[in-house]
Amino acid sequence: MKNQSIRSHIDWVSVFIYVALVTLGWLNIYSSSLSLEEAGGFDFAQIYGKQMIFIFLSVPLIIMILAVDGKFYEKYSVILYAIALLLLAGLYVFGKEIKGQVNWYQFGPISFQPAEFAKVGTALALAKYLSDVQVNLKDQNRQLQALGIIILPVLLIVPHDPGSALIYAAFFLVLYREGLPAWYLWVGFIAIIVFVLSLVWASWMIIAIAAVVILFFYYRTRHVDRNIIFSSAILVAVALMTFSVHYVFENVFQQHHRDRFNILLGKEVDLKGIGYNINQSKIAIGSGGWFGKGYLEGTQTKGGFVPEQHTDYIFTTVGEEWGFVGCIVVLALFVLLFVRIIYLAERQKTKFSRVYGYCVATILFIHFFVNIAMVLGIFPTIGVPLPFFSYGGSGLWGFTILLFIFLKMDANKVNEW
C-alpha cells in the first residue's frame, strides 16, 4: 500500500523531465567521447560506458530515497549536514588531487566528490532551521545564524574549488523568499559590479561614479538626515573594496582564475592558450546553425577541439550537432523543471518541504545559468557542471538525491496536516 501511494502521488512530470535530461545528456556524452576514444562496439570502460553505469546505479538510489519515510530527511537533517561538513574537512587530510584540485576521495577505481553532496546537506539544514516556529529573518541574530549554515561549507570548499562554492549563492535567493531583507541581495549585486569594474577601470573613476549615484539618491530621499550616515558608509565601503580588489585578485586568486577573468574582460587575447576552450566552444556552438550538423556528425566534436567537452562543455555538443532548435529544446526542459519544482514547493503543507523545494530549484538554476554562460563565453570558466548532462557519477547522483528527496516530500504531503 505504501509503494502504491508513492506511485500514485509522486510528481511524474518532474520524473519525466529528469529522465529526458539524463537521456539527452548521455547521448551527448556518447557523441563527445567518441572523438577521444576509439569507435566501434560498446565499452563500459570508456567515458560513455562509465556514465551509463552511473545512470543504472541511479535507479536503486532513487528507489532507496523514495522508500525512506519522508520525515527522515527532516528529523536527521542536522546530522546529514554535519556528515557533509566532516567529509569536506576530511579532504584536507585524505583528499586526492585530480587536475590540480583536491576535491576527491579515491577508493580504488572509484572517485567521490563530497562537494556535490554537501549541497543536499546544506539545503536540508537550512530548511530545518527556517522551519523553526521561532525563526524570523527580520531579526539580525537569525540572519547571522542562517548565513552561518551557508558559509561553513563555503569556507571548506573555497580553497579547493571556488566554482562549487559559488553555487551556494543560490541559498541567498531562498533566504530572500523567506523574508531576508532585500538589501542583502543589493549589497551582493553591487559588490559584484564593483569587483568587475575595479579590474577594468581606475579606482578613482569607480569612487567618483559611486559618489554621483549615492548623491542622486541621497537628495531624492525625503529623510535626508536619516540617510547621511548610511550613504557615507556605502561610499566608504565602495572605496575600500576598489582598493582591495587588486590585492585579492593577485594574491588570493590562482593564476588560471586570473587568466580566465583577463580573457573574459578582454585584457588578454590568447586563443591558443588559456582562451582556447572558450574560443572553441563558441566556434562549435555557432557552427551548428539552426538545425545542427546531425547527431555524431559534429566536426568540432569529432576532432576533439573542445577540451573537457563531455564534462563542463557538454552543451557545445548540443549546439554543434543539434543546432539552435536543439538548444532551445534542452533549455526549455530545464526551465520546465525549474518552474515545476517552484510550483510544487508553493503547494507544500509544511515550511520545511517548501524551503527545501526552493533550495532544489535555486541550486539547479545557478548550476544551469553559470554553465550555459560559461560555454557561451560570458562568464569565466570555473568548472561548474550542467545538471543531469555533464559526465560524472558524483554530479549525477548529487543532483538526483537533491531532486528526489523533494519529490518524496511532495508525494508525502497527502499525509501532512
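Remember, it's a predicted structure, so these values are computed and weren't measured experimentally.

Peer 1: What exactly am I supposed to notice about a nonpolar patch on the surface here?
Peer 2: Together, Trp-290, Phe-291, Phe-324, Val-325, Ile-328 and Val-329 give the surface a local cluster of nonpolar side chains, amounting to about 650 Å² of exposed area. Positionally, Val-329 belongs in helix H16 (residues 315-346). Residue Val-329 is classed as partly exposed on the basis of its relative accessible area of 44%.

Peer 1: Looking at this structure, how should I read the packing of aromatic side chains?
Peer 2: Between two aromatic rings, the relevant description is the distance of the centres plus the angle of the planes. One pass over the full model with this rule turns up 20 aromatic pairs. Plain terms: the ring middles of Phe-112 and Phe-117 are 5.1 Å apart, the flat faces sit at 25° to each other, and that makes the pair stacked. When its relative accessible area of 22% is taken as the criterion, Phe-112 is described as partly exposed. A relative accessible area of 18% means that Phe-117 is categorised as buried. A connected cluster of aromatic rings, assembled from ring pairs, spans Phe-334, Phe-338, Phe-365, Phe-368, Phe-369 and Phe-389.

Peer 1: Would you mind going over the nonpolar core with me for this structure?
Peer 2: In globular proteins that are soluble, nonpolar side chains generally tend to be buried together. Tyr-356 and Phe-388 are the most contacted members of the largest nonpolar core, which totals 103 residues. The element that contributes the greatest number of residues to this core is helix H17 (residues 351-375), accounting for 15 residues. Sequence-distant contacts of Tyr-356, defined by excluding residues within four places in its chain, comprise Val-120, Ala-123, Leu-124, Ala-127, Ile-401, Leu-402, Ile-405, Phe-406 and Met-409.

Peer 1: Would you explain the environment of Ala-123 in this entry?
Peer 2: Relative to the elements of secondary structure, Ala-123 occurs in helix H6 (residues 115-130). In this structure the C-alpha to C-alpha distance between Ala-123 and Ile-150, which are 27 residues apart in sequence, comes to 8.8 Å. Sequence-distant contacts of Ala-123, defined by excluding residues within four places in its chain, comprise Phe-171, Tyr-356 and Cys-359.

Peer 1: What is the right way to look at the pairing of strand E2 (residues 101-107) in this model?
Peer 2: Moving residue by residue along a regular strand, the side chains alternate between the two faces of the sheet. Of the strand pairs in this sheet, strand E1 (residues 96-98) and E2 are connected by two bridges, and their pairing is antiparallel. Looking at E2, one finds that Lys-96 is bridged to Trp-104. With three bridges joining them, E2 and strand E3 (residues 110-112) adopt antiparallel strand pairing. When the sheet's bridge partners are listed, Gln-106 is paired in E3 with Ser-111. Between E2 and E3, which follow one another and run antiparallel, lie two residues, and Gly-108 among them has a positive phi close to 65°.

Peer 1: I keep staring at the sheet that holds E2 and nothing clicks. Help me out?
Peer 2: Pairing between sheet strands relies on hydrogen bonds along the backbone, with the strands arranged either parallel or antiparallel. As summarised here, the arrangement of the three strands in space is E1-E2-E3, forming an open sheet in which the pairing is antiparallel. Edge positions in the sheet fall to E1 and E3, since each has one partner strand and no second. The mean inter-strand angle of the sheet, taken between neighbouring strand axes irrespective of direction, is 55°. Packing against the sheet, helix H5 (residues 77-94) makes contact with E1, E2 and E3, and its axis sits at approximately 95° to E2.

Peer 1: Help me out: how do you make sense of H6 in this one?
Peer 2: Turn by turn, an α-helix covers 3.6 residues, leaving residues three or four places apart pointing in a common direction. With 16 residues, H6 ought to run about 22 Å at 1.5 Å a step, and its terminal C-alpha atoms sit 22 Å apart, in line with that. The element H6 is largely enclosed, with a buried count of 15 among its 16 residues.

Peer 1: In this structure, what is going on with the pattern of salt bridges? I would like to understand it.
Peer 2: One side chain can pair with another of opposite charge once the charged atoms of both are near each other. Evaluated as defined, the whole model comprises nine salt bridges. For Glu-178, the salt bridge is made with Arg-177, and the minimal N-O distance between the two is 3.8 Å. Look at Glu-178 and you get buried, because its relative accessible area is 15%. By relative accessible area, Arg-177 is classed as partly exposed at 32%. One salt bridge connects Arg-177 with Glu-346, and the closest N-O pair in it is separated by 2.9 Å. In this pair, Arg-177 sits in helix H9 (residues 170-177) while Glu-346 sits in helix H16, placing the two residues 169 residues apart along the sequence. Each of the salt bridges in this network shares a partner with another, and the network as a whole consists of Arg-177, Glu-178, Glu-346 and Arg-354.

Peer 1: I tried to follow the packing of H17 against helix H18 (residues 393-411) on my own but got confused; where do I start?
Peer 2: Helix-helix packing is described using two parameters, namely the angle between the two axes and the distance between the axes. The interhelical angle for the contact between H17 and H18, taken along N-to-C directions, is 150°, at an axis separation of 10 Å. One way to sum up the angle between H17 and H18 is to call them roughly antiparallel. In the packing of H17 onto H18, the handedness of the crossing is left-handed. Residues Phe-352, Ser-353, Tyr-356, Gly-357, Val-360, Ile-363, Leu-364 and His-367 of H17 form the contact with H18, whose participating residues are Phe-399, Ile-401, Leu-402, Leu-403, Ile-405, Phe-406 and Met-409.

Reading guide: rules and limits
- Residues numbered from 1 in each chain as written.
- Predicted model: local features only at pLDDT ≥ 70, side-chain atom pairs only at ≥ 80, totals over all residues.
- Heavy atoms only, no water.
- Patch = residues over 30% accessible without salt bridge, like charges linked within 9 Å, V, L, I, M, F, W, Y side chains within 5 Å.
- Areas by Shrake-Rupley, 256 points an atom, 1.4 Å probe, with all protein chains shown as cover.
- Salt bridge = Lys/Arg side-chain N within 4 Å of Asp/Glu carboxyl O.
- Helix = DSSP H or I, 4+ residues; strand = E, 2+ residues; numbered from the N terminus.
- Buried < 20%, exposed > 50% of the residue type's maximum accessible area, 1.4 Å probe, protein only.
- Phe/Tyr/Trp six-rings, centres within 6.5 Å; stacked < 30°, edge-to-face > 60°.
- Core = buried A, V, L, I, M, F, W, Y, C linked by side-chain atoms within 4.5 Å.
- Contact = heavy atoms within 4.5 Å.
- Pairing = 2+ DSSP bridges.
- Axes fitted to C-alpha atoms, helices over the stretch in contact; angles between N-to-C directions.
- Expected span 1.5 Å × (residues − 1).
- Parallel < 35°, antiparallel > 145°, perpendicular 65-115°, else oblique.
- Left-handed = near helix turned anticlockwise from the far one by under 90°.

Nothing here speaks to function; it is all geometry.
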